[in-house]
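Residue strings, one per chain:
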Amino acid sequence: MNHKISFGQFETGNIVYVKAVAIDDLPDAIQDEARAQADGADTLYAVHREDGEQLALVVDRELAYSLARQNDFSPVSIH
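Predicted model, so just to flag it, every value in this text is computed and none were measured. (Residues numbered from 1 in each chain as written. Predicted model: local features only at pLDDT ≥ 70, side-chain atom pairs only at ≥ 80, totals over all residues. Heavy atoms only, no water.)

**Digging into the overall build of the protein**
Helices and strands together make up the secondary structure of the protein, namely 2 helices and 4 strands. Reading the protein from its N end, one meets helices and strands in the order β-α-β-β-α-β. Burial status across the protein gives 25% buried among its 79 residues. In the protein, the share of contacts with a sequence separation of at least 24, taken over all contacts with a separation of at least 6, comes to 46%. As displayed, the protein offers around 6,100 Å² of accessible surface, 47% of which is attributable to carbon and sulfur atoms. (Helix = DSSP H or I, 4+ residues; strand = E, 2+ residues; numbered from the N terminus. Buried < 20%, exposed > 50% of the residue type's maximum accessible area, 1.4 Å probe, protein only. Contact = heavy atoms within 4.5 Å. Areas by Shrake-Rupley, 256 points an atom, 1.4 Å probe, with all protein chains shown as cover.)

**Considerations on the pairing of strand S1 (residues 15-22)**
Pairing analysis gives 5 bridges linking S1 to strand S4 (residues 74-78), with the strands arranged parallel. Bridge pairing in S4 places Lys19 opposite Ile78. (Pairing = 2+ DSSP bridges.)

Spelled out as structure tokens, the structure:
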């Protein structure tokens, strides 16, 4: 069964990507603050728009997903 679907009918721009980021890989300017707020964690989770803009940097993956959903985004994991 083949049906043409116009993807223009769907809302776009609501996908965000969640990616694990090592604190050591962050810019030097924010590493100290990130460590202070990371409660001993070595990894944080970045939430990015489709265009690559970083929206948030949080301590755990569940928080990243929850934050995205609360703001009407659809989170997708990047490995």
